[in-house]
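# Chain and residue survey
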Amino acid sequence: MSSSLPVTDRPRRPEWMKVRAPSPDGRYFDVQRLVHGLRLHTICEEARCPNISECWGRGTATFQILGDTCTRACRYCYVDSGRPDAPPDALEPLRVAQAAAQMALKHVVVTSVDRDDVADCGAAHYAATIRALKAKLPDASVEVLTPDFLGVEEEALATVLAARPEVFNHNIETVRRLHPHMRGAKASYDKALWLLQRAKEVAGYDVMTKSGIIVGLGERNEEVVETLRDLRASGVDVVTIGQYLQPSPKHAKIDRWVHPDEFRWFREQGEKLGFGSVFSGPLVRSSYRADEQRHAALAL
Ligand code: SF4
């Protein structure tokens with residue numbers, strides 16, 4: 001039997017979750033040709049992001065380094081999980097920089113799969129990528145959305161932050177109660193908070209920190225506010241909140257469609273807590289209009 005049968009018990013998408021298909025207008029196909037031609041991965045494609053038409057049409061994308069196979073298996077994430085069959089590609093940082101330069105990006109966002117199989121969990125590869133970007137695009141800002149660097153957290157933070165990214169992002173993803181179920185035994189809610197707080201201490205410069213929450217996984221709105229409070233108490237500057245979309249029948253089911261009014265309420269709560277920027281909306285993703293998120297926080 002085919003494993004790609006339509007999912008019949010998935011709740012119907014409300015109007016506010018509808019997105020447009022790629023159009024030949026804009027730069028969508030240029031970006032596609034470039035990233036495929038340079039054998040790069042993007043989280044836009046790997047996670048089937050609903051914003052891909054808009055973001056690629058604007059000539060932006062979020063690079064996914066360290067391969068396409070993640071050593072974790074979070075219940076909401078579509079990225080392939082398993083045991084990667086190759087070490088980090090030493091030339092990948094240069095190709096990312098080449099792509100970013102050809103796209104003339106002013107703010108470059110880089111994320112990765114988790115690489116628990118590599119001794120430093122990929123920290124040196126992040127640092128090499130940041131350095132390659134800064135060498136090729138000295139006027140661009142760089143944002144990294146990192147894994148938790150399980151077991152080598154302190155050294156990995158020092159390695160990544162020595163390359164001086166402007167934004168250090170680590171997504172907490174969900175509320176404390178759901179964290180173990182959604183993220184598995186290796187991840188920890190408190191460790192995510194610690195990593196964000198420690199990044200500021202280790203950096204030695206004014207790094208902007210950022211985190212993201214997915215809603216629609218079974219959390220209550222008050223728990224989201226509790227998580228916002230925890231993030232703010234850890235010194236986080238920028239936060240994103242967006243609707244979960246079930247990527248396949250094997251993944252966690254959507255618990256609810258969060259209404260745009262609730263997203264507005266989350267934003268107001270975050271602003272009251274003092275975040276520099278709160279992007280909260282059904283289609284908001286961590287890297288969605290990341291340049292604008294950063295500028296909003298800088299403008300405060
Ligand atoms: S929101 Fe982020 S992941 Fe999604 S398409 Fe845009 S840049 Fe890519």
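Per-chain numbering applies: the sequence of each chain, read as written, is numbered from 1 onward. The predicted nature of this model means local features are confined to residues of pLDDT at least 70 and side-chain atom pairs, given and counted, to a pLDDT of 80 or more, with totals for whole chains, interfaces and linings taken over all residues.

## Quick word on the overall build of the protein
Applied cut-off: Secondary structure elements follow DSSP: runs of H or I of four or more residues count as helices, runs of E of two or more count as strands, with numbering from the N terminus. For a compact globule the rule gives 2.2 Å times the number of residues to the power 0.38, and the radius of gyration it is set against comes from C-alpha atoms. We call a residue exposed when 12 or fewer other C-beta atoms sit within 10 Å of its C-beta, buried when the count reaches 20 or more, and partly exposed for counts in between; the C-beta positions come from the backbone. For every residue pair, C-beta atoms are placed from the backbone, and the pair is scored as a contact if these atoms sit within 7 Å.
Broken down by element type, the protein carries 11 helices and eight strands. In terms of C-alpha radius of gyration, the protein reaches 18 Å, essentially the compact-globule figure of 19 Å for 300 residues. The principal-axis extents of the C-alpha atoms in the protein amount to approximately 45 × 45 × 40 Å. Counting across all 300 residues of the protein, residues that qualify as buried make up 45%. Contacts in the protein between residues at least 24 apart in sequence constitute 76% of all its contacts with a sequence separation of at least 6.

## Overview of the environment of Ile 43
Mapped onto the elements of the fold, Ile 43 is located in helix H2 (residues 43-46). By the C-beta count within 10 Å, which is 25 here, Ile 43 ends up buried. Each C-alpha atom of the pair Ile 43 and Arg 177 lies 26 Å from the other, and the pair is 134 residues apart in sequence. With residues near it in sequence (within four places) discarded, Ile 43 still touches Cys 49, Thr 62, Gln 64 and Thr 111.

## Here's the deal with the site of the ligand
Basically, it comes down to this: Residues are classed as near a molecule or strand if the C-beta position derived from their backbone is within 6 Å of it. Lys, Arg, Asp and Glu make up the charged group, whereas Ala, Val, Leu, Ile, Met, Phe, Trp, Tyr, Cys and Pro make up the nonpolar group; the residues left over, Gly among them, are polar.
Close to the ligand lie Ile 43, Cys 44, Cys 49, Asn 51, Ile 52, Cys 55, Thr 60, Ala 61, Thr 62, Arg 285, Ser 287 and Tyr 288. Elements with a contribution of two residues or more to the shell around the ligand: H2 and helix H3 (52-57). For the shell around the ligand, a count of residues per class yields seven nonpolar, four polar and one charged.

## What to know about the sheet that holds strand E5 (residues 167-169)
Heads up, the rule is: DSSP-based pairing: two strands are paired if at least 2 bridges between them are found.
Strand order in the open sheet made by the eight strands is E1-E2-E3-E4-E5-E6-E7-E8, with mixed pairing throughout. Both outer strands of the open sheet, strand E1 (41-42) and strand E8 (277-280), are each paired with one neighbouring strand and no more. As paired elements, E1 and strand E2 (residues 62-65) share two bridges and run antiparallel to each other. The residue of E2 that forms the bridge with Thr 42 is Phe 63.

## Observations concerning unusual backbone geometry
The backbone of Phe 149 sits at a positive phi, close to 55 degrees, despite the residue not being glycine. For Phe 149, the location among the structural elements is in the loop between strand E4 (141-145) and helix H6 (153-162). Phe 149 sits in the buried class, given 24 other C-beta atoms within 10 Å. One non-glycine residue, Arg 164, lies in the positive phi region at around 60 degrees. The class of Arg 164 is partly exposed, set by 15 C-beta atoms lying within 10 Å.

## Let's talk about the packing of helix H4 (residues 92-102) against helix H5 (residues 123-136)
Threshold: Every axis in this analysis is a line fitted to C-alpha atoms, fitted for helices over the stretch in contact. Angles between the N-to-C directions lie between 0 and 180 degrees. Note: crossing handedness is left-handed where the near helix turns anticlockwise from the far helix by less than a right angle, and right-handed where it turns clockwise.
Relative to each other, H4 and H5 sit at 35 degrees, their axes nearing to 8 Å. For the crossing formed where H4 meets H5, the hand is right-handed. Contacts between H4 and H5 involve Pro 93, Leu 94, Val 96, Ala 97, Ala 100 and Ala 101 from the former and His 125, Ala 128, Thr 129, Ala 132, Leu 133, Ala 135 and Lys 136 from the latter. The residue inventory of the contact of H4 with H5, partitioned by class, reads 10 nonpolar, two polar and one charged.

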